[in-house]
Amino acid sequence: LIQGAWLASAAPGGDPGRFERHAPAMAALLAFWDRPPRRDPATGLRVWHDQLESGADNGVLSRCPSARSSCWSGSQALTLGSADVMALLIREHTAAALFREHWGGAHRTAAAAHRAAAANLTATLHARLWRQDLGHHAAWNTSSREWIEARTYVMALP
């Protein structure tokens, strides 16, 4: 959401200043992902509720992807750590930093914090999900502590 707002505001005719009133909502959105249950305390990975929430429902990553599956149990919720959610949040923090840098003044401290959060998420992504043996990132079940091997393609930063 934040990255889409940044791209729209940075386009010809856009104005990042018009989004300053939404700074508290942007901060709340990012805070949602930075605490349990969306942040796995053991790995630092951010997790999807299930595979349908991730949008990966067209490329099944598990035998039991969601609550609509007959094999589903509540313990499977919020256990899917994957490159897509990490990349999404890296881009969201980067966009939040761009907004705050544009707004200047008191926002500069928050901009630096968003840059640091993006760097931390990037480090966690590579440390926890990169599979050298496969040559790409893999998903991780934070409950079973098992790899879910499927390719994930994510595009550019804002």
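Please refer to the structure higher up on the page.
First, a word on scope: everything that follows refers to the structure included in this document. Keep in mind it's a predicted model, so treat the numbers as computed, not measured. (Residues numbered from 1 in each chain as written. Predicted model: local features only at pLDDT ≥ 70, side-chain atom pairs only at ≥ 80, totals over all residues. Heavy atoms only, no water.)

Some points on the sheet that holds strand β5 (residues 139-141)
Strand order across the open sheet formed by four strands is β1-β2-β5-β6, with antiparallel pairing between neighbours. If you trace the sheet from one side to the other, it starts and ends with β1 (47-48) and β6 (146-148), each paired once. Where β5 and β6 come together, three bridges link them in antiparallel fashion. Of the residues in β6, the one forming a bridge with W140 is W147. (Pairing = 2+ DSSP bridges. Helix = DSSP H or I, 4+ residues; strand = E, 2+ residues; numbered from the N terminus.)

Some remarks on the pattern of salt bridges
Enumeration according to the criterion identifies five salt bridges in this entry. A salt bridge links D133 to R131; the nearest nitrogen and oxygen atoms lie 2.7 Å apart. A relative accessible area of 10% places R131 in the buried class. (Salt bridge = Lys/Arg side-chain N within 4 Å of Asp/Glu carboxyl O. Buried < 20%, exposed > 50% of the residue type's maximum accessible area, 1.4 Å probe, protein only.)

Remarks on the packing of aromatic side chains
Counted according to the given criterion, the structure contains six aromatic pairs. Taking the centre distance of 5.5 Å and the plane angle of 90° together, the rings of F32 and W33 count as edge-to-face. With centroids separated by 5.7 Å and ring planes inclined at 90°, the aromatic side chains of W33 and W48 adopt a geometry described as edge-to-face. Of this pair, W33 sits in helix α2 (residues 23-33) while W48 sits in strand β1, placing them 15 residues apart in sequence. W48 carries the same exposure label as W33, and that label is buried. Among the aromatic residues, ring-to-ring pairing joins W6, F19, F99 and W103 into one connected group. (Phe/Tyr/Trp six-rings, centres within 6.5 Å; stacked < 30°, edge-to-face > 60°.)

Any functional reading would require information beyond the geometric quantities listed.
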